[in-house]
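# Working through the structure, step by step
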Amino acid sequence: MAAENAMIEGRRKHLKKDTTSIQRVDFGAGSQGASQTVSDIARRSLKRTKHAAALGNLAQSMQAEHILELGTSLGLTTAYLATGAHAVTTCEGDPAIAKLAREQWNTLGLTNIAISEGPFAETIPVLIEEWRAKNHPGFDLIFIDGHHIGSALIAYVKELKPWLRPRGVLVCDDIHWSSDMEQAWGQLIEDAHWTQAVDFYEWGMLTANPDLTKEIRSIRL
Ligand SMILES: C[S@@+](CC[C@H](N)C(=O)[O-])C[C@H]1O[C@@H](n2cnc3c(N)ncnc32)[C@H](O)[C@@H]1O
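Calculation rules
Every chain is numbered on its own, with residues counted from 1 as its sequence reads. In keeping with the model being predicted, local features are shown solely for residues with a pLDDT of at least 70 and side-chain atom pairs are shown and tallied solely at 80 or more, while totals for entire chains, interfaces and linings include all residues. Neither water nor hydrogens contribute to the side-chain values; these are computed over all heavy atoms in the structure. Strand pairing is defined by DSSP finding a minimum of two bridges between the two strands. In this description a helix means any DSSP run of H or I spanning at least four residues, a strand means any run of E spanning at least two, and both kinds are numbered starting from the N terminus. Angles here are taken between N-to-C directions and fall from 0 to 180 degrees, while the axes themselves are lines fitted to C-alpha atoms, restricted in helices to the stretch in contact. Nearness is defined per residue: one heavy atom within 4 Å of the molecule or strand is enough. We define a polar contact as two N or O atoms separated by no more than 3.5 Å, with the added condition that, inside protein, one atom must be a possible hydrogen donor and the other a possible acceptor, whereas residues neighbouring each other in sequence contribute only through side-chain atom pairs. All accessibility values rest on the Shrake-Rupley procedure with a 1.4 Å probe; residue burial counts only the protein chains present in the view. In the scheme used here, Gly and all other residues not listed as nonpolar or charged are polar, with Ala, Val, Leu, Ile, Met, Phe, Trp, Tyr, Cys and Pro taken as nonpolar and Asp, Glu, Lys and Arg as charged. Any Phe, Tyr or Trp ring, taking Trp's six-membered ring, that has another such ring centre within 6.5 Å forms a pair; planes under 30 degrees apart are called stacked, those over 60 apart edge-to-face, and the others tilted. Classification of residues uses two cut-offs on accessible area relative to the type maximum, computed with a 1.4 Å probe and protein chains only: under 20% is buried, over 50% is exposed, and between them is partly exposed.

### Quick word on the sheet that holds strand S7 (residues 164-173)
What the 8 strands build is an open sheet, ordered S5-S4-S3-S6-S7-S9-S8-S10; its pairing is mixed. Bordering the open sheet on either side are strand S5 (113-117) and strand S10 (215-218), each of which pairs with just one other strand. Strand-to-strand twist across the sheet, computed as the mean angle between neighbouring axes with direction ignored, equals 15°. Alignment of strand S6 (residues 139-144) against S7, held across 5 bridges, turns out to be parallel.

Here it is in structure tokens:
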């Protein structure tokens, strides 16, 4: 596991030095079509090592079978998740970014990642149809890390909630990124469906695990 983490961090170092400029598709806040260097994306948009590794450790400790990630970016957090799980499905709307992510997984030799390309609003319903048709068992971990707009977060959680396994964990990133996201988190934790809601500041974690007693708390990572 440690060697794999070191390899992923090697990719991060490499990407941070890549000054290639790419035209971005922006789905959230920011201007449409602005160009950005790979280095800039690697420095600003990805989960930092300790948080990406924490998610990988969580996947491993849960012995996660299936993981879903919304917001692939350069695919490094996806790589951490994939080292701890049987299979990861990840969704990314920007084709240039998705291509770079695939290159990282190829270099790392990770073959258990499937990427779904396109805006979440279009790809999630298609994926849900596929899961239904395949009798998919659902996900042990769902990580929502893209389109940080409160109403979008609430909509994705509503769509994906039925696909979280009974003891599964839903991680909503950047819940303190804006007052809008904070309000959305406040609304999500009111849902009686969840038995535990933990605010880690970096992200919020929800589970409907029936073994746990109802609790809402905050922990700093
Ligand atoms: C914060 S980055 C993800 C970081 C990644 N999870 C990590 O830790 O390395 C968010 C990504 O989501 C994508 N994204 C944002 N909104 C989207 C949408 N509505 N549909 C599809 N992709 C979207 C962006 O292109 C971006 O690459």
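From this point, things continue past the structure.
### Topic: the site of the ligand
Close to the ligand lie 21 residues, the nearest being Gly71, Thr77, Glu92, Phe120 and Asp145. Glu69 places a side-chain nitrogen or oxygen 3.1 Å from a nitrogen atom of the ligand. At a separation of 2.9 Å, a nitrogen atom of the ligand approaches a polar backbone atom of Phe120. Within the complex, the protein chains bury 91% of what would otherwise be the 600 Å² of accessible surface of the ligand. Of the residues belonging to the shell around the ligand, the class tally is 6 nonpolar, 9 polar and 6 charged.

### Brief notes about the packing of aromatic side chains
For the structure on display, the rule yields 4 aromatic pairs. Considering the side-chain rings of Phe120 and Tyr156, the 5.5 Å spacing of their centres and the 85° angle between planes classify their relative orientation as edge-to-face. Linking Phe120 in helix H6 (residues 120-134) with Tyr156 in helix H7 (residues 150-160), this pair joins segments that are 36 residues apart in sequence. Look at Phe120 and you get buried, because its relative accessible area is 11%. On the basis of relative accessible area, Tyr156 is assigned to the buried category, the value being 6%.

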